[in-house]
Amino acid sequence: MGDVLRNLFFPKKQAIIFATKGVIAMAMSLSVAMYLNLDRPYWALVSAIFLQLRPESGLVVEKAICQIVGTIIGGLFGILLLTQLMPYPYLALGTLALWLGLNSALSAMVRQANFVYAFAMAAVTAEIIVLLVMANPTTVSSQAVFDIAQSRMSEIVVGSICAGLVSHLFWPVKVKETLQVQARSVINQALNYLVTEIDTKGTHEKRHQQIDGIMATLGVINEDSSAVRYEGPKGPGRSRAANQVSQKVLSLLALIQIFGRLQRSHTELITPDLTKLMQNLSDVLCNIAKSDCFEYCAGEVKTYRKNLTALKADNQTDSPFESHMLSLALEVASELTVLLKAYKALEERDKSLLNAPSMLTYRDPLAGIFVGLRTSLVFVIGACIWISTGSSAALMIMILPVIFSIMLARIPLAMLKVVIKRLLIGIVVASIVTIFYALNLLSQSGGQLEILILVLAGPYFLGLLLLGDRATLPYGLGFCIPFSILVRPSTDMSLAFSIDYTLSAAMAIFTGVSILFWVFHLITGPSVRLLVHRVFKTTHQDLLQIHQQRTPAIWYNRRMSDRLLRLTNYDQGSHSRAITDLALTALNVGHASIRLQSICTNLAGKDLKQLISWQQSLADAFLLATKGKCSNEFKNKSDALYAELVDAAGESSQVETIKGMFMRINLTFERSAKKIASLDVA
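Residues numbered from 1 in each chain as written. Predicted model: local features only at pLDDT ≥ 70, side-chain atom pairs only at ≥ 80, totals over all residues. Heavy atoms only, no water.

**Digging into the overall build of the protein chain**
Then, number 1: Scanning the protein chain from N- to C-terminus turns up 26 helices and zero strands.
Then, number 2: For 682 residues, the compact-globule estimate of 2.2 N^0.38 gives 26 Å, and the protein chain sits close to it at 29 Å.
Then, number 3: Projected onto its principal axes, the C-alpha positions of the protein chain cover 95 × 50 × 40 Å.
Then, number 4: A buried classification covers 55% of the 682 residues belonging to the protein chain.
Then, number 5: Across the protein chain, contacts joining residues at least 24 apart in sequence account for 80% of those joining residues at least 6 apart.
Then, number 6: The positive charge centre, built from 61 side chains, and the negative charge centre, built from 48, are 2 Å apart in the protein chain. (Helix = DSSP H or I, 4+ residues; strand = E, 2+ residues; numbered from the N terminus. Rg over C-alpha atoms; globule rule 2.2 N^0.38 Å. Buried < 20%, exposed > 50% of the residue type's maximum accessible area, 1.4 Å probe, protein only. Contact = heavy atoms within 4.5 Å. Lys, Arg positive; Asp, Glu negative; His and termini not counted. Charge placed at Lys NZ, Arg CZ, Asp CG, Glu CD.)

**Points about the confidence of the model for the protein chain**
Then, number 1: When pLDDT is averaged along the protein chain, the result is 84, and 95% of the positions lie at 70 or above.
Then, number 2: When pLDDT is averaged over each element of the protein chain, helix 5 (residues 89-107) comes out on top at 93 and helix 19 (residues 494-497) at the bottom at 78. (pLDDT = per-residue confidence, 0-100.)

**A short note on the environment of V528**
Then, number 1: Take V528: it is sitting in helix 21 (residues 528-545).
Then, number 2: Assessed through its relative accessible area of 43%, V528 is described here as partly exposed.
Then, number 3: For the pair V528 and Y570, spaced 42 residues apart in sequence, the C-alpha to C-alpha distance is 6.6 Å.

**Details of the packing of helix 2 (residues 13-35) against helix 3 (residues 42-50)**
Then, number 1: Look at helix 2 against helix 3: their axes get within 8 Å of each other, and the N-to-C directions meet at 150°. Between helix 2 and helix 3, the angle falls in the class roughly antiparallel. Crossing of helix 2 against helix 3: the hand is right-handed. On helix 3, the residues that touch A25, M26, S29, L30 and A33 of helix 2 are A44, L45, A48 and I49.
Then, number 2: The residue makeup of the contact of helix 2 with helix 3, split by class, is eight nonpolar, one polar and no charged. (Axes fitted to C-alpha atoms, helices over the stretch in contact; angles between N-to-C directions. Parallel < 35°, antiparallel > 145°, perpendicular 65-115°, else oblique. Left-handed = near helix turned anticlockwise from the far one by under 90°. Nonpolar A, V, L, I, M, F, W, Y, C, P; charged D, E, K, R; others polar.)

**Topic: a nonpolar patch on the surface**
Then, number 1: Taken together, the side chains of I161, L165, L169, F170 and W171 make up a nonpolar region of the molecular surface, amounting to roughly 500 Å² of accessible area.
Then, number 2: Structurally, the position occupied by W171 is in the loop between helix 7 (142-169) and helix 8 (175-198).
Then, number 3: Note on W171: relative accessible area 44%, which makes it partly exposed. (Patch = residues over 30% accessible without salt bridge, like charges linked within 9 Å, V, L, I, M, F, W, Y side chains within 5 Å. Areas by Shrake-Rupley, 256 points an atom, 1.4 Å probe, with all protein chains shown as cover. Salt bridge = Lys/Arg side-chain N within 4 Å of Asp/Glu carboxyl O.)

**Brief notes about the packing of helix 6 (residues 113-135) against helix 15 (residues 395-407)**
Then, number 1: Where helix 6 contacts helix 15, the axes come no closer than 9 Å and their chain directions differ by 170°. Between helix 6 and helix 15, the angle falls in the class roughly antiparallel. In this structure, helix 6 contributes V116, Y117, A120, A123, V124, E127, I128, L131, L132 and A135 to the contact, and helix 15 contributes L395, M398, I399, V402, I403, I406 and M407.
Then, number 2: Looking at side-chain class alone, the contact of helix 6 with helix 15 contains 16 nonpolar, no polar and one charged residues.

**Focus: the packing of aromatic side chains**
Then, number 1: Enumeration according to the criterion identifies ten aromatic pairs in this entry.
Then, number 2: Note on F479 and F483: the rings are 5.3 Å apart at their centroids and 15° apart in plane angle, and the pair reads as stacked. Here F479 and its partner F483 are both found in helix 18 (residues 473-487), four residues apart, which amounts to about one turn of the helix. Comparing F479 with F483 shows no difference in burial state: the two are buried. (Phe/Tyr/Trp six-rings, centres within 6.5 Å; stacked < 30°, edge-to-face > 60°.)

**Describing the nonpolar core**
Then, number 1: F379, I420 and Y460 are the most contacted members of the largest nonpolar core, which totals 106 residues.
Then, number 2: Of the residues forming this core, the biggest block, 15 residues, is contributed by helix 6.
Then, number 3: In terms of nonpolar packing, the next biggest core, distinct from the first, is built from 102 residues, F259, L339, W614 and A619 among them. (Core = buried A, V, L, I, M, F, W, Y, C linked by side-chain atoms within 4.5 Å.)

**Regarding empty space enclosed by the protein**
Then, number 1: Within the structure shown, the criterion is met by six cavities of 30 Å³ or more.
Then, number 2: Counted as a void, the largest cavity has a volume near 100 Å³.
Then, number 3: Lining of the largest cavity is provided by R111, Q112, G219, N222, E223, S358, M359, L360, T361, S561, D562 and L565.
Then, number 4: Every element with two or more residues in the lining of the largest cavity is listed here: helix 9 (204-227) and helix 22 (552-571).
Then, number 5: Within the lining of the largest cavity, the residues separate by chemical class into three nonpolar, six polar and three charged. (1 Å grid on protein atoms, 1.4 Å probe; cavity = no way out; pocket = protein on both sides within 12 Å on 5 of 7 lines; lining within 4 Å. Points joined across faces, edges and corners; volume = space filled by probe spheres on them.)

**Quick notes on a positive patch on the surface**
Then, number 1: A cluster of basic side chains, namely K302, R305, K306 and K341, defines a positive patch on the protein surface.
Then, number 2: Structurally, K302 is set in helix 12 (residues 294-314).

**Digging into the side chain of S251**
Then, number 1: In this fold, S251 is placed in helix 10 (residues 235-265).
Then, number 2: Ignoring anything within four residues of it in the chain, the contact list for S251 reads E335, N557 and H591.

**Quick word on the layout of surface pockets**
Then, number 1: For the second largest pocket, the calculated volume is near 390 Å³.
Then, number 2: If you go around the second largest pocket, you meet 22 residues; those closest to its centre are R40, L132, A135, N136 and L395.
Then, number 3: Of all the secondary-structure elements, those providing two or more residues to the lining of the second largest pocket are helix 3, helix 6, helix 7 and helix 15.
Then, number 4: Here the lining of the second largest pocket takes five residues from helix 6, the largest share from any one element.
Then, number 5: Taken together, the residues of the lining of the second largest pocket break down into 15 nonpolar, three polar and four charged.

**Overview of helix 25 (residues 633-649)**
Then, number 1: For helix 25, which comprises 17 residues, the first-to-last C-alpha distance of 24 Å matches the rise-based estimate of 24 Å (1.5 Å per residue) to within 8%.
Then, number 2: Downstream of helix 25 by one or two residues, G650 has phi in the positive range, about 80°. (Expected span 1.5 Å × (residues − 1).)

**A short note on unusual backbone geometry**
Then, number 1: Phi angles above zero are rare outside glycine, and N37 is one such case at about 60°.
Then, number 2: Here N37 is to be found in the loop between helix 2 and helix 3.
Then, number 3: For N37, a relative accessible area of 61% puts it in the exposed group.
Then, number 4: The phi torsion at R488 lies on the positive side, around 55°, for a residue other than glycine.
Then, number 5: Relative to the elements of secondary structure, R488 occurs in the loop between helix 18 and helix 19.
Then, number 6: When its relative accessible area of 13% is taken as the criterion, R488 is described as buried.

**Considerations on the pattern of salt bridges**
Then, number 1: Scanning all chains against the criterion turns up 15 salt bridges.
Then, number 2: In this structure, R152 and D39 form a salt bridge, with 3.8 Å as the shortest nitrogen-oxygen distance. In this pair, R152 is assigned in helix 7 and D39 in the loop between helix 2 and helix 3, connecting sequence segments 113 residues apart.
Then, number 3: Taking the relative accessible area as the measure of exposure, D39 reaches 46% and is therefore partly exposed.
Then, number 4: Put simply, R577 and D212 hold a salt bridge, and the shortest N to O gap is 2.8 Å. Here R577 is found in the loop between helix 22 and helix 23 (578-604), whereas its partner D212 is found in helix 9, with 365 residues between them in sequence.

Written out as structure tokens, the structure reads:
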């Protein structure tokens, strides 16, 4: 509770501004909804509250668009459902459960929180319309159905528009500022990780802590890069620059693995020249990480790249491995150059770099099915309670838990327990404040809008102070939304002033969230082992298709980004971090095959017969390694491709470089398979 007390009694300036903006947005949405004589203006309040979860202008605009689109779709489905199935209430409830499950499953297929929210609104808007109509079946008519749907959609749209206006007009906070901080952070994290990988004294724990941090920051960048598009004419350019930063960080991670694993596992291959090469690379990375000056960093990389080019031109070594490692060092320098320019483009909109597409979300239908099943079950349990009791307050068991079920689906189970417990505490506090403060004062007032806003502003301000801090966000969310629903601010508050209804509604909300807690425990989803193997199997398919793409490196990075984030999250409880190592190996071998294809095409054209079968053996060898197995098939195919290259292009430094690449990849597969087999995780 220390964070709660600190945020309530010693709030930061940013928290006060955030809470003030939230109160203004809610006051505006309530005023407009009541002026338009909408039936339940408090849904406009709830809509405005959800838009406060991230206060940056671009994110608010994106969420408002998603909320409006989701609301319209949900409203149209609700009308369609009622017009077709109103005479068959149980069939209508069953169809509604399927609709909720479908939207919940689809929400699991997207990464951005705003897009998840769009599916949540499509689900809940239809649910609210259908349930409110079915709660009063004696007054049902086509006109009544349309009026209820129009009111619910209008209330939510009003809240979205008001929150968006306030975000732009009062103390605006831009996504671009957050994105620039995140980009600088991930670049520094990546540079520090590269140094740790090369450092012989770097520890296993430190490396994986840094990888976890890098992937978490990349996840935030990928999410925010879509929202920055809505911040003026420069927004789309900044979005593509942020995507370029993500692309180059992933490419650097793929390259640097080679140097680190070589030093840790194959010291017999390290010659004095390779030691000097890696020391020089480490020095350059350290110098860049310590500096905030773009010109200095770019100059360091340019000088290092120039020295490497001269060294490669003068290199007379007969070692294929040394030649391969020298080429890799040059590629690291090239990627660093583009990474630095991409960061500069975030601030200055360098048009030459604004062509990188966004990262793709990894979609696992199996995980989506479990998420949809969980949401449908929560609704069905609530519907059974509602039908058996006949209480209108029991409707709350079905509405809020469905929203939370969709929005909390990505949170790990261990963290989910804490989040839901904090939501329940917020609900209890909201119930107490509603009964003993808000309704008590409002019942003695004249019902004027001004008094209504003055009475509610204080509790909302305190709730928003908690909502603005990630650590206390569940408390704030658990307070603000139930508080709005229990008070039901509107021109007619007779139902809210009925203490028996208010207590019943509070108990229903608490019961619904408690049911959600146990449903999350009952349906935990597929096992981590199964999910991991499904990710690796999909990656195996990508390795087979990688050379059919026009820009294979960009295509592969886009698909691997979200998978890396998921795999590192799955693996954080493990001491060995074998899954994370395999994920990085997947990233590495994909880029290695792209380099090989380019070299082979330059040397011998596209007529190499062994190249396709080599790529197949590479993908198969990776999949075998994820199961703790290894075979000689990849080595045999590599030897056959090398022999064909020698016949087609003769002996050359590039051909010897490829031979060194084969050696290194084969060693990687053998080491990965041995590690997985020893842990018995396959």
